[in-house]
Every structure is written in structure tokens, then in C-alpha cells.
Amino acid sequence: MTMAQASSPPVLTPHKITRSYSEQVAELRAIKDKCIGHLQNKEEWVEKGILGSILQALQGSAPSHVLTEEDSVRLLCLELLASISGGGPQFLNPLHAVDVVTTVLSYISLAHQNSPRVVLTALRIIRNMTEATSVALPGHDDLNRLADALFRPEHLESFHAILTQPSADSVIQEQKRLVLSSIARLCNKEEHQNVLADSGVLDVLATILASFIVARGEVIPGAEMVAETDGLADMIPAPAPRGASLALTLEAISAIICNSKLRCCMFVLSPAILAVLPLIDFTPASAEPRAPGAGGAAGKSHGAMDYLLPLMPGSQSRSSSQVAQLPPSSLSRNASSDRRSQTYKFTGLDPASEDSDADNLESPVVPWLLNLVRKTSGLERVAAASVLTSLFKANLTRLDREQELAYLLVPILCNLIRDHMKEIPPSIYTTTFIDSDTEKDWAILEKTPEVLARLVGGSEILQKSAHECGVIKTTAKLLKDAYELLASPLIPSPWTAFPRQSMVSEGSPPSCQLGPPGPVPLYIHRIRMRYSALTLVAGMCSSREDYRKELASQELVPFIVESLAVRPGKPQNRKGKSASKKEGKDGAERLAYGQNPTSVILAACHALRCLGRSVSILRTTFLDHDVWQPVYKLMKHPDLEVQIAACSVVINLLASSSPMVEPLLQAGISKILCEQAHSHEPGLRLNAVWALKHLILEVDNSRKKQLLEELEPGWLIQLISDDTSEEGAPYTRPRRSMDADEDEDMDAETTEEEEPHLWTWRGMDGNPRRINSPRMQKAKEKLEMLRKADLNPARKARNDMIAIQEQALGFIQNFIMNPNTPQDQTELVDYLFSELGENRLFGILANKLKVRVVGAFGRKYSKGRDTLALYPQAKIIMAITFILVHIAASIPRHRQLVIAQTELLKLLGGNLDNESVDVRRGLCHLFENLSVLEDDEDRQPCAQRASELAKLGVLSKLEGLETNDADLYVRERAKAAVAQFKTPAMA
């Protein structure tokens, strides 16, 4: 190691080589003392190349649990790195240049062999680098780089070891807090969430949470006896020690389980949670005053935790008479699934494949979390609400629990936001450091709107509750405050009587070159508030038209539009923008509004997408603010995720009657969409085809033909083909994306031959009692079923392909519909047949209506394996039906072509009893069109068509629908079709 005793200022003297550890300790301590709290000294030492010397000293040292002299050198090196890494974003570039992360993580991966203080300091370096990265300007803020390095198997084993240490020592507790913080801050990718769950870290976090349940005295009475029976007695932990952080524990759990039913179930079925919160009957002592329970509760899932919650309005007791008044459980489950899947759906999980209610009882952790939200405050309250929201979105709560959340949770979150919306004093505008109370207030304000947005998204009941709490005006204020002018976003250089000259020359290595300084704390807070407020805008306008209009009336669209730009300007209307450009202010003022990271741009796209579902907003507010222009620019953004999000906005901008179709066409949107429809990225391909489906409906015949040529007929055939058809299917590869109507993570397959890796649930842990416990066996079977649904790549790929096929079929439907004259429709149908081939097209449509049998892991052929029958989905049947409806609405020649497709019509006729009312309606419409009499010359062909359909059994099925169908529209359509069969009338 080449260092010398620091003077004032410290000077690195390469010619002097220290030989003893004691001398190195003295030198390092002197340098550390000079650097701590002195930014300029840190910068000078880095520019002199001290990082290389430190890393050289840290590498190749043997670990030791006892702090030796050599360990003291390493500890001081790590402490010096901790000081430098805590200096701000400008130190990130040189730290990464010497690969500090890899070296530091090597000390964490050997946590059981290193001194606790060494491990603690290494964790502090990771914490500091995470913090510096999170506040860095765009381009230097890639947290995924740290996460990819951190969440590897060797490091996760160390995390597991650190978190399971029984010691209450302050150093150990600080280690745990830093690990929890790293998980909470860095775990936001599905691959990281899955590896943390599979490695047993999620189970450890659940055990830590259980220790808080024990410490609070809230273990369910009788839990010990049940745990003994199930072999879980050893999983009831000791009470949480002093210094343990409930908020960080909940934040880490929330980060891992978010947006996955599998991971949510792994949490609620964790052995420690099952041990302290078993699902058992509970009867309070008769002499004990009974706390009113949650109203309208359903059946067996009631237990002790529900007695901690207040009585809901209109409810009286948990008597059996109340239970009898509830709708059937299967209906409740389906309604709940449909309601919640509007915003967050878990990939690969079919509603029909969910457990029966007997196996899907709500865990007592749900009411416990709800009570925790009510009893705690601050970050603990926000984190508990976040975990509870994930469980609610995963359909792991009772149906009636939604009403409880509307009364108990939503108002708390709304009040939490309002209570922390405080005036910011001018003294904070340029300050480099803020006090702990302000930091805590800002953290709560940044996190709570995002939790509330996830909670209310897709639920009209919860949105109504939030609306009654005045959340729309609150959201408007949050977003507008986030765009208040900030004179100086960057941290100013500290004043000194002797300004320091940079020592970096043109040939200096990257490890000596500092990066750009970080912004002031207020700037970071406002950027985070932009993201948080935008997510709440999207959450509140995902369902109801009146809420969309109310949000638009708050004049939020200019702020959302500016959020689409990396360098936003002052949010203003079109007239204001024109005036700014004339005065030359626009470019200069943009510097004062900072830079929007990708997360803000994506959130803005999501907000516009939801607002764009309103036709009136499309025609007025969006047009007034030229929303299409910044969105169009984002279609060419280098980030694929931004392209997908922008394309999802374009879907609505190209919807029927949108005034922005023509300007987008003139800008060249059709070429971009056709290129993106050829993308290997399924999310982008889906949104592009969806947008083209809307666009093709709005243009004349010549443009329709031009669009089909740009898309390429051969590619359209591939898009609508089955993955096992002779035409083949588009290649897919893994990716993460959001489609245009649902917030869904979609991960495509690499190959259908790939099987999910063998998985062993750590919850069993070889314990004979657990292995033989019916409750634990049931939990294991449930997790295995969910793993197949959630992680099977073949199943995910099928879901992706079905979504794309649906939109591609819709493109064909819209291509041949909405003509100005009947001759136009005839021309379009003939053109479609000439480009795609009528036999080829009808053959593909017929294949898509057949039941397919595949192996358990997606193989078409399976020997000695379980097989899976894949039935055609209702949305695909509907798309095919309406293509034929429009072909049959053309001329008799086209109806004859359709009637000649015996196999296709037979398959469609078999769906006249389909459970989807939309399918039955569409098929009635089709068969009515096929029996239409065009003119006198068409009488014989018309009779022949009716005869063919009668032979296929269509007439008898229509007569059954005419009298027996539950839907009035289907009965009327069937009646008209039967009458048309028996007495053909001219169109």
C-alpha cells in the first residue's frame, strides 16, 4: 500500500512505502479524519488516485472473524470508501471505474468469516452508493447496475445469514437494517423479486415480521397448539429486539411480493406467519367486552384478528344469518378477480384455474396488517399499507374486505398525504442537507400516493372513497407543486478562501475523474413527487369517466405533457407556449425545471393513456395541448420501455373520432407503427398492432390498402397464426412490458421445450411433522400450482401470443368494415382475400377454434407426461366471429364463400352455448347475416345456406337460445335469426 501521513491538505506520496500494519493504520486514520465531513478533501484524494490504492489493499486479504491488525487496515480502507461514497453522485464514476462494488460485496459474501464491523462498513458503502445513484441526474441513475451485482446467489446466502443472526447487538441490528434497506430500495425487477423469494430471504423477512407480532402480543390464541401439530413450534420467533425496524421489514417484503400472486402466497404461507397467525376458529371470552368486528364478513376466514377492527356501517355481527345473505362464493371470487385484474393482473394465472374457496381462505395477516395501519404512524403505516395492497391485488383477501379498505384504509392514506403537504421554507431551496423530520415527511409524501394509486386502480369502490376524501384536488396540488420553479437545482460548491484547482488532466484514468455533482434535496423531492402524483392521476382515472373529466378540469394536462420531456419547461397552455417562444424564454427556463428520469416519463404516459379513454378529453384538452407531438417523439425513444408506453398512448390517440389521427398520419405514424409491429419485443408488437387496428378504421380504402402493404400481408398471417400452425409464429424473447389496457408484467418464453427448474419449498425444511401435516401439504401444493402458472415460460408466451392475435384479428375486422358504400366493402373483402388468400385465411381461423392438447410444460406432444387441454378463448372466438360477420354483410358471393367453410362454421356453432354472452351475441349476428336474402336471384343460394346451417345443427341451437338464454339481447338476436332462416327477408 502506498500512502503517507496526511498534512494540510493531505498529499499522496508514492515514493514512500509503509511496511508495517500499524503505520498503514495511522496513515489511513489520518486520511479518513481529513475526509470525513470535508467534500473538497475527498475530491482531492480521489483525483490523486487513492481509490486504486485502497482497492489494492482490500484485495487478496484473508477474512478473519477477530479484528486483527490486518483487519484494522481493511476496516479503515472500507471506512474511507464509505466516507467517499457518501460524498454524493460525483464520486460514482470513479468508484465504478475501480469496480468498488465487486470488492465490497466480497466482504459481505463472507459475512460469517469477517468481523461484524467489517461487514457493517461494507454494507454502508452499498447503502451510500445506492443513495448517491438514486439522487444522481439522468444518465447516472441506473440502480439496476447495483441490483444486478447485489442479488446474486452468493450474496443472498450472506443476506440470509445476516438476517437470521439471533444477537441483539447494535452492530448486528444495524447490519440487518442496511440489508433490509438495500432490498427495499433496489428490488424492483421481477428476476430479483423471484430470486429473493426462492433463496429463502422472503421467508426470513416473514420470520422477522412474525417477531414483531410476538413483541406486540398479537399472536392468535391457540397458535402454539396448532404449530406443535404442524411441526411449526420452532418457527414462533422470539420478540423483536430493540433496534429492529418494522418499517424497513415491511418495505422489503413489499418490494419482493409486489405484482405477483405467487410471491404474495409465499409470504402468507411462510412457516413463521402460519405459526403465529394460523387460520383457526376464535371465540372471545363471554365475560370480555366484545370489540366490534368487520361487518359483512364471510364464513370461516374469521378469526381473532377481525375482532381488532371496527364495525362497518350497516353491519351488526358475524352471525351465521349474515353469512347466509352473501352471494355464492364462486360468484364472489369471479367478481373480485375481474375487478382487480383491471389494473394489476398476474401473468400466466387463469381465473378459472384458481383454487376453490375452500383452499383460498384469507390469511389472518390481512386483518392484522389493516389493524397495523390503523395503530401505527409514519413510514410504518405506509409500508404496512403497501404490503396489504399487494395482497389485495393478488386476490388474497375476502370480497367484502374491499368495502373495509374503502372505510378504513383509503381515508387514512388520503389524510396521510394531506398531513405531510407542508409549506417549504425558502431556506431549504438551496440547502445541501435537510433535518431528519423533513426527510421523514418527504419520504412519506413521496411513497403514500404511489401506494394509494396501486390500491384504488381498477376498483370503483375504492376510487369513490378516495374521491370523497378530496384526493383529486390533492393530486392536482401535488403535481403542480412538483413543478414550482427552482432557481438552482444543483448543489453549489462550498465556499472556501482558497478555491481548489482540479488535478485531473487529459490523460488521467477514469478512477481519478469526478462525475457531475448531485442536485439539492428539494430538487430530488420534487422529481419523486412528479412520479408519485402521476401514478395517482392514473389510478384515479382508470375506471370512471367523471373522475377523468374532473382531473382534466384541474388543468393537469400541461403538467403531464411536460413530464414527457427529459428537460421539461414551464407547464402552460398553447397560448402561453407561443408567447414564451416569441420572447425566447422557453429554452432558458427549461434549465430551472430539471430533468425527468425515465420513471417520470413512463408514469406520464400511463396517466395520458388513462385520461385518453375519455372521448371528450381527446377532442378538447388533448387537442388544445397538442399531446400527440411529445408522444410521437417518444415513439422513437432509445429506451424500449418508453417506446412501449408511448405506443400505448397512441392507441387512444388513434381511436375513433379522435382529432389527432390526421396530424399523426402526416407526421408518419403509420410507418413507425408498422416497423414496431415487426418487433421481436412482444409488448411493443402488441401495442403497435393495437394502434394499427384503430388507425385502419379511420382511413379511406386507399390508405387501408397502403397500411396493409406497409405491415406486409405475410407478417399479418404470422401474427394471427397459432404457434403450432404451419405458417409459424413470430419469434419471442424475454422482456418486461406493459400493454395498453392493463398494467401487467409479461415475460415471453425462450423456448417451449424449457421446463421450470426444480423447486423445493424451504418451508418444509425436512421436518417430518411438517411433511406429514395436511395444512403444510396443502400450502405446498398451492405454491407448486402457482409456480407453474406464474413462472412457466410456455404459458406466458401463449398469453402474449393470444393478446397479439386478438389485436391482429381486430385489424382484419376493421380493415373490411366501416366503408362509405357497399361497393367499398366488397372491394376491401376481395382485396383481403387476394393478399392473404381466402383458403389460407379461413384455414387459420378454423385452426384457432380447435381444442389443442399440449404437454404439461407447453410441448405439443407429450410422452409419459401430464397433458393440458387448451380451449379457444372467448376474445379470440369473438374476433373471428366479427370478421365473418362483416364478410357475410357484403354480397351473396362472399356469403357463399363463408357457408362453404363447413369445418369453420361447425366449430363456431359449437360455441352457441358459450358462457360468454358476447360470443353468443356475435354468433347470432353472424348466422342472421348468412341467412339474409339479397334479391330475387339470391333466393336459391339463400335457401341453400339455410339448409347447410340447419344440417350443422345451428337452427336448433338458435331456437334454444330464443327461448332459454338468460340475456335479452341474445334472445332477440336468436329470434331474428330463426325468423330469417324460416322466412328469408331482403336486406
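So, here is what we can say about the structure in this document. Nothing here was measured: the structure is a model prediction, and the numbers come from that model.

**Focus: the overall build of the chain**
Step number 1: On a plain count of helices and strands, the chain comes out with 50 helices and two strands.
Step number 2: Counting across all 987 residues of the chain, residues that qualify as buried make up 57%.
Step number 3: Taking the intrachain contacts of the chain between residues at least 6 apart in sequence as the baseline, contacts between residues at least 24 apart amount to 77%.
Step number 4: If you sum the accessible surface of the chain, you get close to 40,600 Å²; carbon and sulfur atoms cover 52% of it.

**Section: the side chain of glutamine 980**
Step number 1: Its place among the elements puts glutamine 980 in helix 50 (residues 968-982).
Step number 2: Engagement of the side chain of glutamine 980 in a polar contact is seen with the backbone oxygen of serine 931, the distance being 3.2 Å.

**Some details on the pattern of salt bridges**
Step number 1: Applying the stated criterion to the full structure yields 39 salt bridges.
Step number 2: The shortest N-O distance in the salt bridge between glutamate 79 and lysine 32 comes to 3.0 Å. You can see glutamate 79 sitting in helix 4 (residues 69-85) and its partner lysine 32 sitting in helix 1 (residues 21-35), a full 47 residues away along the chain. Side by side, glutamate 79 and lysine 32 carry an identical accessibility label, which is buried.
Step number 3: Among the salt bridges present, the one from aspartate 938 reaches arginine 945, with a minimum N-O distance of 3.1 Å. Both residues of the pair, aspartate 938 and arginine 945, belong to the buried class.

**Points about the nonpolar core**
Step number 1: One finds Phe267, Phe927 and Leu958 to be the most contacted residues of the largest nonpolar core, which totals 289 residues.
Step number 2: Look past the residues within four positions of leucine 958 in its chain and what remains in contact with it is Leu912, Cys924, Phe927, Ala974, Ala977, Val978 and Phe981.

**Side note on the packing of helix 37 (residues 701-711) against helix 41 (residues 793-815)**
Step number 1: Running from N to C, helix 37 and helix 41 cross one another at 155°; their axes reach a closest spacing of 11 Å. Between helix 37 and helix 41, the angle falls in the class roughly antiparallel. Both helix 37 and helix 41 take part in a crossing whose hand is left-handed. Contacts from Lys704, Lys705, Leu708 and Leu711 in helix 37 reach Phe811, Asn814 and Phe815 in helix 41.
Step number 2: Each residue belonging to the contact of helix 37 with helix 41 can be placed in one class, and the counts come to four nonpolar, one polar and two charged.

**Here's the deal with unusual backbone geometry**
Step number 1: You will see that asparagine 259, though not glycine, has its phi angle at about 65°, which is positive.
Step number 2: For asparagine 259, a relative accessible area of 26% puts it in the partly exposed group.
Step number 3: With a phi close to 70°, serine 657 is a non-glycine residue in the positive phi region.
Step number 4: Residue position: serine 657 is located in the loop between helix 33 (640-653) and helix 34 (661-667).

So, how was this worked out
Residues numbered from 1 in each chain as written. Predicted model: local features only at pLDDT ≥ 70, side-chain atom pairs only at ≥ 80, totals over all residues. Heavy atoms only, no water. Helix = DSSP H or I, 4+ residues; strand = E, 2+ residues; numbered from the N terminus. Buried < 20%, exposed > 50% of the residue type's maximum accessible area, 1.4 Å probe, protein only. Contact = heavy atoms within 4.5 Å. Areas by Shrake-Rupley, 256 points an atom, 1.4 Å probe, with all protein chains shown as cover. Polar contact = N/O pair within 3.5 Å; in protein donor to acceptor, adjacent residues only side chain to side chain. Salt bridge = Lys/Arg side-chain N within 4 Å of Asp/Glu carboxyl O. Core = buried A, V, L, I, M, F, W, Y, C linked by side-chain atoms within 4.5 Å. Axes fitted to C-alpha atoms, helices over the stretch in contact; angles between N-to-C directions. Parallel < 35°, antiparallel > 145°, perpendicular 65-115°, else oblique. Left-handed = near helix turned anticlockwise from the far one by under 90°. Nonpolar A, V, L, I, M, F, W, Y, C, P; charged D, E, K, R; others polar.

So, to be careful, I would describe these as geometric facts and stop short of saying anything about function.
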